[in-house]
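# Observations on the model geometry
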Amino acid sequence: MKSAESEENQIGLRDLPSVDTVMKTGTAEIYAAEFGRERAARRVRSVIEALRGGLSDGALSGTDREALLRNAEDRLAAALNSERNSGVRRVVNATGVIIHTNLGRAPLSAEALEAISDASGYCDLEYDLETGKRGRRGRRAEELAAELTGAEEALVVNNCAAAAVLVLTSLCEGGEAVISRGELVEIGGDFRVPDVMERSGAKLVEVGTTNRTKIEDYEKAITDGTRLLLKVHPSNYRIIGFTSAPSIGDLAELAHSRGLLLYEDAGSGALVDLSGLGLDDEPLIRESIAAGADVVTFSGDKLLGSVQSGFIVGRAEVLAKIRRHPLYRAFRPSKIVYAALEATLVSFLRGSMFEDVPALKMLALTEEELAKRTNDVADELRERLGGISEAEVEVIEGSSVVGGGSAPASHPSGKVISVRHASASANEMEKRLRGFDPPVIARIENDAVLIDLRTVDVSELEIVKSAVCEAFR
Ligand SMILES: *Cc1c(COP(=O)(O)O)cnc(C)c1O
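Since the model is a prediction, treat every value here as computed from it, not as a measurement.

About the thresholds
Residues numbered from 1 in each chain as written. Predicted model: local features only at pLDDT ≥ 70, side-chain atom pairs only at ≥ 80, totals over all residues. Heavy atoms only, no water. Domains from an automatic or database assignment. Axes fitted to C-alpha atoms, helices over the stretch in contact; angles between N-to-C directions. Helix = DSSP H or I, 4+ residues; strand = E, 2+ residues; numbered from the N terminus. Parallel < 35°, antiparallel > 145°, perpendicular 65-115°, else oblique. Contact = heavy atoms within 4.5 Å. Salt bridge = Lys/Arg side-chain N within 4 Å of Asp/Glu carboxyl O. Buried < 20%, exposed > 50% of the residue type's maximum accessible area, 1.4 Å probe, protein only. Expected span 1.5 Å × (residues − 1). Arc of directions from axis to C-beta. Pairing = 2+ DSSP bridges. Left-handed = near helix turned anticlockwise from the far one by under 90°. Nonpolar A, V, L, I, M, F, W, Y, C, P; charged D, E, K, R; others polar. 1 Å grid on protein atoms, 1.4 Å probe; cavity = no way out; pocket = protein on both sides within 12 Å on 5 of 7 lines; lining within 4 Å. Points joined across faces, edges and corners; volume = space filled by probe spheres on them.

## Examining the domain arrangement of the protein chain
- When its domains are assigned, the protein chain resolves into domain 1 (4-86), domain 2 (92-102 + 363-471) and domain 3 (108-356).
- Look at where the C-alpha atoms of domain 1 and domain 2 centre, and you get two points 40 Å apart.

Dropping the structure here:
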């Protein structure tokens, strides 16, 4: 008798709220208003499914109908919150990695941002305001890039990988390209030089060894089918020690004496000399052109510090051929990209890139400036966290990273803030910072969370301080 009664009172599947009932809750109304009724209803159905699972495995026993409905609404609210926070979201980069591919590479300058805003409506993308006729797409950005690199012509595409594919397809399809074994590199993500070569229909002829390749190695590999010599900057790794590779000048001389082209994929490619900042092995595009490279490719969102894009610069005759290739139509960027690039290139032209362009500004931040900023923030954190005995905030020596496959051997040094919690792990603290709004991304070393302010804009310091204080609560 007793057991029959408790079975009757036992909450069961029949007590699950219906989709209609949950859709009438306040949370579902908000969900539907923000993301549409269809998507809200789909979420509601999956919430009810989850409740059904909870009921059958006994996790929800002892509740009643109203509690089930409240539970459904709570779950829906959590789903709404995560939906609101998904997508491309602003974060604060406290990792010290300047060109952080996972965090969107280069942050844009104020000038680039304004140009993007101006171009966001109608603009003269392919329209000549003087004649009222059709104009050349990308004309200004390409003219500026040519001027800054000393090249005759330039062409912009969506990224440097696209630039490499386009160059090889239009200049070397069905032919051979000679490359050193030391340069058959994987750049990160899925960009492997040999794979791109293959896609382009060019045949790769490998010469030399991983650490040493001589000009004679290239010379011996040249056949009737050879179209170009290829030099790839080994971006994110360095072979050090017993190494040698011919210079661009030597390769250009050999290529031209045999009626071939020299193509260099410079990757991050510096427009200005950064050796004073410790980046002494990043190829200067201007120097490659001056040394005789016929065509050079590089990224727009690495050391150039602008939007995702790829540049192809070089001799007019070669560029004309590349521009005519049908694949160019598939690789050309949007008006937003040209607008941002124009603004960034103008910063280089007038010499204000170390003030305007965030990536270069961060790179050029002196150890003294960084130390002052770091000590100030640490002092304030200690003051604000004074009442929390578990908190340990220290300033230690650290080093930042250029990132984006640029200058892997140079690490701008400087002070970083080390944060430890007496009873929470570094992983837990890092996770709390990541859960802040906006998320603060830090790195972990030796069981401490390290906050590197080199990559944090002055306007974001308050966010970092609040996030750290919050993480100790
Ligand atoms: C980064 C890099 C690329 C790819 O550039 P994306 O702009 O990311 O496509 C190609 N080649 C080299 C040498 C690189 O360093």
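So, next bit.
## Some words on the packing of helix α8 (residues 160-172) against helix α13 (residues 316-324)
- Put simply, α8 and α13 touch, their axes get as near as 9 Å, and they point 100° apart. When the axis of α8 is compared with that of α13, the two are roughly perpendicular. On the side of α8, the interface is formed by L166, V167, S170 and L171, while α13 contributes V318, K321 and I322.

## Structural notes on the pattern of salt bridges
- Tallied over the full model, the rule gives 33 salt bridges.
- In this structure, E142 and R323 form a salt bridge, with 3.2 Å as the shortest nitrogen-oxygen distance. Of this pair, E142 sits in helix α7 (residues 139-149) while R323 sits in helix α13, and the two are 181 residues apart along the sequence.
- Since its relative accessible area comes to 22%, R323 is described here as partly exposed.
- Of the charged contacts, one joins E462 and K465 as a salt bridge, the two residues approaching to 3.7 Å between their closest N and O atoms. Of the two residues, E462 and K465 are both situated in helix α20 (residues 461-471); the distance of three residues between them amounts to about one turn of the helix.
- For E462, a relative accessible area of 40% corresponds to the partly exposed category.
- Residue K465 is classed as buried on the basis of its relative accessible area, which comes to 10%.
- If you follow the salt bridges from partner to partner, you end up with E126, R134, R137 and R332 in one network.

## Examining helix α18 (residues 367-384)
- Relative to the 26 Å expected for 18 residues at 1.5 Å per residue, α18 spans 25 Å between its end C-alpha atoms, a close match to the ideal helical length.
- The set of residues buried in α18 consists of L370, A371, R373, T374, V377, A378 and L381. Buried positions in α18, seen along its axis, are confined to an arc of 165° and lie on one side of it. Exposed side chains of α18 directed beyond 90 degrees from the buried face belong to E368, K372 and E383.

## Quick look at the sheet that holds strand β17 (residues 448-451)
- Ordered by their spatial adjacency, four strands build an open sheet running β12-β14-β17-β16, and the pairing between neighbours is antiparallel. With partners counted over all chains shown, the strands left at the sheet margins are β12 (391-399) and β16 (443-445), one partner each. Here the average twist between neighbouring strands, direction ignored, is 40°.
- Bridge count between β12 and strand β14 (residues 413-421): nine bridges; the pairing is antiparallel. When the bridges of β14 are listed, V395 appears paired with I417.
- Each of β12 and β14 is contacted by α18, which is oriented at about 15° to β14, the strand it contacts most.

## Considering the environment of C123
- Along the chain, C123 falls in the loop between α6 (110-119) and β3 (127-128).
- Given the relative accessible area of 36%, C123 is considered partly exposed.
- Counting along the chain gives 216 residues from C123 to A339, while the straight-line C-alpha distance between them is 9.7 Å.

## Overview of the packing of helix α4 (residues 37-56) against helix α5 (residues 65-84)
- α5 packs onto α4 with a crossing angle of 130° between their chain directions and a minimal axis gap of 9 Å. In terms of orientation, α4 lies oblique with respect to α5. The handedness of the crossing between α4 and α5 comes out as right-handed. Across the interface between the two elements, R39, R43, V44, V47, A50, L51 and L55 of α4 pack against L68, N71, A72, R75, L76, A79 and E83 of α5.
- Residues of the contact of α4 with α5, tallied by class, amount to nine nonpolar, one polar and four charged.

## Considering empty space enclosed by the protein
- Across all of its chains, the model carries two cavities of 30 Å³ or more by this definition.
- Put simply, the largest cavity is a space of about 60 Å³.
- Along the walls of the largest cavity sit ten residues, with A164, L168, V193, M197 and D265 positioned nearest its centre.
- Taken as a whole, the second largest cavity encloses approximately 30 Å³ of empty space.
- What lines the second largest cavity is I98, I99, K302, L303, A359, L360, L363 and V402.
- For the lining of the second largest cavity, the secondary structure elements donating two or more residues are β2 (97-99) and α17 (358-364).
- Top element by residues in the lining of the second largest cavity is α17. It accounts for three residues.
- Class assignment for the residues of the lining of the second largest cavity results in seven nonpolar, no polar and one charged.

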